[in-house]
Amino acid sequence: MSVTERRNKEKLHCDHCQQEMEYSAAVTAVIDGQTRYFCCHGCLGVYELIHSESLDAFYQQRCDWQPGRPAFGKVDAREFEGNVRNDGSSSKIDLLLSGIRCASCVWLVEKALARLDGIVSARVNYATHRATIQWRTGEITLETILNTLAGLGYLPRPVRHGAQVEAFTEEKRDLLLRFGTAGFFSMQLMLIIAALYAGFFQGIETTYRLTFQIISWALATPVVFYSGWPFISNALRSLRNRSLNMDALVALGSLSAYFYSVAMIFTGGEVFFDTSAMIITFILLGRFLEAGSRLKAGSALAALADLQPSEALLVGEDGHAAPAPLEQINAGAVIEVLPGGRVPLDGTVTAGESDVDESMLTGESAPVAKAPGSTVYAGTLAITGRLLVSVTGNAHETLLSGIIRTVEEAQARKAPIQGVADRVAGWFVPAIILLAAGTFAWWRIDGAPTVTALMTAVSVLVIACPCALGLATPLAILVGTTAVSRKGILVKGGDIFETVSKTTTVVLDKTGTITRGKPSVTDTFDYGISNRFMQCCASLEAWSSHPAGQAITDAWLGERLPLDGLRVIPGMGVSGKIEGETWLAGSRVLLEKKGVTLDDKCLETTDRLEAEGKTTVLVACNGHVAGLFGLIDDLRDDAERMIEALRAQGLGLMILTGDNAGVARYIAEKCGITQVRSGLDPLGKAEAIRELKRSGETVLMAGDGINDAPALTEADTGVSFGTATAVAIDSAGVTIMNDDLTLLDTLVAHSRRCFAIIRQNLAWAFGYNLIALPLAVTGVLHPIVSALLMATSSLVVVSNSLRLRKL
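Sequence positions are assigned chain by chain, starting from 1 and proceeding in written order. Per-residue local features are limited, in this predicted model, to residues with pLDDT of at least 70; the limit for side-chain atom pairs, both in listing and counting, is 80 or more; totals at the level of whole chains, interfaces and linings are taken over all residues. Derived side-chain values reflect all non-hydrogen atoms in the structure, with water molecules and hydrogen atoms excluded from consideration.

Right, let's get into the UniProt feature "transmembrane region" (unreviewed entry) in the chain. UniProt's entry tags residues 175-198, 210-232, 244-265, 271-289, 424-445, 451-479 and 762-781 with the feature "transmembrane region" (unreviewed entry), counted in the numbering of this structure. Numbered from the N terminus, helices here are DSSP runs of H or I no shorter than four residues, and strands are runs of E no shorter than two. Helix makes up 100% of residues 175-198 and strand 0%, with an end-to-end C-alpha separation of 33 Å. UniProt positions are given in the numbering used here, feature names are shortened, and annotations may be inferred rather than shown by experiment.

Quick look at the structure:
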């Protein structure tokens, strides 16, 4: 073979992806005076891009890099547009990246994106390969971002709901394969080991003994290095990161027994391959069962996502409907929903009538009648009739998508109590390794054989593996938040769920929360200043969103007058000009603030109505009292049950209202609440919450209106009631979709139960180690028994957490 032929067959590695190739097939390029070799022009392009951006440090710091050509391909930005969330000044998107192989890939992507003009933030989750990118709208396009990622060799893909379940399924499948392999070889291994044990006590020829030992070696090797590879690789990674994790204990325990046994084959001692293999097998069994439990908990969310159809009947200009993918349908389009079909997108009914089953959103089993003007939600079921729906948003802006996104984010957020486990695990693993080393030394100094000292040290490593500690909190949070979400209670995070469990006082808004929110006019007093008093009042209150204003508007069936200079004073009233006259309607406090003189007749009437438990709305025209209204808004049917249930939990109760003292007292006496603050504007409600917090109370505030927003924000936990909108979901800590007050009791009770179970889990995890570690140090426990106990400990935590599935 000539020199040229040998050169052409010489093996090289691609300077970017490390793929092996022959010299003759390499793409060469001279960069900064050095010849570089690449497996393809794609890798050359990526290398040049990284080099031009001065990100060459990527090549020096990458580790665990698996050689292989990146996934190159074209990216169509239109496939991602539906995933973009825009808040006006900035946009945000979640997407999946293919080709993430090690932590340096995360570094490269984040650095490269951060150098683009217009990027606000870029974060990549190494475990899930999920990237969250935020940019200033108008300064950079989504297409530029996607092309930059593809240019680096990380092909972006849209995020689909249920990806978490797919990850759990894949993890379970991998664990099953590894556990099946470990179980098969371990069973064969134990037969051989049984023969060696028999030979140890009854005698065995050296040739047979060596043969059995070599067979044991062969059987244990795939268990340790294939089935146990996840433990070994994680341990090596944690060692490089100088942050030892629980897998380090498993790997160290198994490898110690394995390599000691290998050494004994050559020196004539006893082997313990059964120990190294059974540690891996038992712990894999525990991990496999844990994965199944997480899959069950996550499947409920995936089932919710499956309710949204993948296509809709899009009505064309000719009036005919034809199937179309949801990605091609945007706001303003008209779709057809047939009887028995699910609504594919959120929208407003423009024609047709039907009963719609919304139980998947609200938990309420009774169908809701829908007619033109009604709002329908994606995933709900049209039961009796055909509907034409004007779409209000794309597939990623539906209420269903918002719920799924909220629950997924909630399950990813850590509760503060998780910090206890994280901090303990941080020093626990190094401490156990030191304890194992100390145990080995103590037994040897005490005169014990090396094998006895080593097996005792291995027992310490395995028995102390803090798997139960790591599972104690996140699994309970996952199961607990999923369970309440099935009832229509959306909790935005484990931290919020923990705060709810610590609640000592529940503050309730009155109007629309514990009352029906739909008062009716019972008394009208017209002082004769205007001959169109009722018409002017209705025209003014028509612009108010307050239930009292709506009731006055509904009381007038005639034509309304045009209004100029509208001004809504939140929680107080509304003012405006009608045909040149200034009208003002609202509370007594508002009129007094505006300098309107209330005569004795007006005050006497107001006092009498308020004493009867009625809300009063005073009306002024050009600075003079023109009349007043008396309205009644009674308690909701489920309010008393909710209040009794909260009181039974030992919670303090308070009512905050902008209404007058008489009405507040009437409602409070009716439902048995003694703490009442009345006549409060939105800021006054927030100040009342602050006073409670200063006195040491942990406050949960439940409200439903815009005027409750400051108080909801000020409270430790804000609960938005019966406002099933995407905005409400985004702004509230907890959103209760179902208009059922008793769910407030369910929320508090379940959060308390969840964190009681978490405390039980932590107590079990710490208690188990406190009892088991001394037994291991003193040599009472064999390593195999230690592995079995460790796996059992984790399963106890899993089983305890799964009790939260039942509300």
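Picking up where we left off.
Strand order in this open sheet of 6 strands is 11-10-12-18-13-16, and the pairing throughout is antiparallel. Of all the strands in the sheet, the pair left with one neighbour each is strand 11 (321-325) and strand 16 (375-376). Two strands pair if DSSP finds at least two bridges between them. Strand direction decides the pairing type here: strand 10 (residues 311-315) and strand 11, joined by 5 bridges, are antiparallel. Paired with L313 across the strands is P323, a residue of strand 11.

When you line up the elements, D638 lands in the loop between strand 26 (624-632) and helix 23 (639-648). Only protein chains enter the accessibility calculation, which uses a 1.4 Å probe. A residue is then buried if its area is under 20% of the maximum for its type, exposed if over 50%, and partly exposed in between. Residue classification places D638 among the buried positions, given a relative accessible area of 9%. The definition of a polar contact used here is a pair of N or O atoms within 3.5 Å, where within protein one atom must be able to donate a hydrogen and the other to accept one, and adjacent residues in sequence count solely through side-chain atom pairs. Looking at D638, its side chain comes within polar contact range of the side chain of R636, at 3.1 Å. Not counting the four nearest positions on each side in its chain, D638 is found in contact with D739, D740, L741 and T742. The contact criterion used throughout is that any non-hydrogen atoms of two residues lie within 4.5 Å.

A few words now on a nonpolar patch on the surface. On the surface, L770, I771, L775 and V780 cluster together into a nonpolar patch covering about 420 Å² of accessible area. In this fold, I771 is placed in helix 28 (residues 743-777). The exposure class assigned to I771 is exposed, which follows from its relative accessible area of 61%. Like charges are joined within 9 Å and nonpolar side chains (Val, Leu, Ile, Met, Phe, Trp, Tyr) within 5 Å, but only among residues with over 30% relative accessible area and no salt bridge; these make up the patches. In short, Shrake-Rupley with a 1.4 Å probe defines the accessible areas, and a residue's cover is counted only from the protein chains shown. Salt-bridge detection follows one rule: a side-chain nitrogen of Lys or Arg within 4 Å of a carboxyl oxygen of Asp or Glu.

This next bit is on the pattern of salt bridges. Within this structure, the stated rule accounts for 16 salt bridges. For R136, the salt bridge identified is with E139, shortest N-O distance 3.1 Å. The exposure class assigned to R136 is partly exposed, which follows from its relative accessible area of 35%. With a shortest N-O distance of 3.8 Å, E714 and K693 are connected by a salt bridge. In this pair, E714 is assigned in helix 26 (residues 709-714) and K693 in helix 25 (residues 682-694), connecting sequence segments 21 residues apart. Residue class for E714 comes out partly exposed when judged on its relative accessible area of 21%. A single network of salt bridges, built from pairs that share partners, joins E687, R690, K693, R694 and E714.

A separate point is the side chain of T505. Relative to the elements of secondary structure, T505 occurs in strand 20 (residues 505-509). Among the polar contacts listed, one links the side chain of T505 to the side chain of E697, at a separation of 2.7 Å. The contact partners of T505, leaving out residues within four places of it in the chain, are G652, L692, E697, T698, V699 and L700.

Throughout this description, the term nonpolar core refers to a set of buried Ala, Val, Leu, Ile, Met, Phe, Trp, Tyr and Cys residues connected via side-chain atoms within 4.5 Å. Membership of the largest hydrophobic core comes to 53 residues, with the highest contact counts inside it found for L189, F273, I283, I432 and I463. Elements with a minimum of two residues in this core: helix 6 (163-202), helix 7 (206-227), helix 8 (229-240), helix 9 (246-267), helix 10 (273-305), helix 13 (416-445), helix 14 (450-463) and helix 28. With 11 residues, the single largest contributor to this core is helix 9. Counting residues in each nonpolar core, the second largest holds 48 residues, with L12, V109, I140 and Y154 among its members.

Once that is clear, we can look at the sheet that holds strand 15 (residues 368-370). If you walk across this open sheet you meet the 3 strands as 15-14-17, and the pairing is antiparallel. Looking at which strands have only one partner, the edges of the open sheet turn out to be strand 15 and strand 17 (381-382). One ladder, built from 3 bridges, connects strand 14 (residues 354-357) with strand 15; its direction is antiparallel. Across the sheet, S354 pairs through a bridge with K370, a residue of strand 15.

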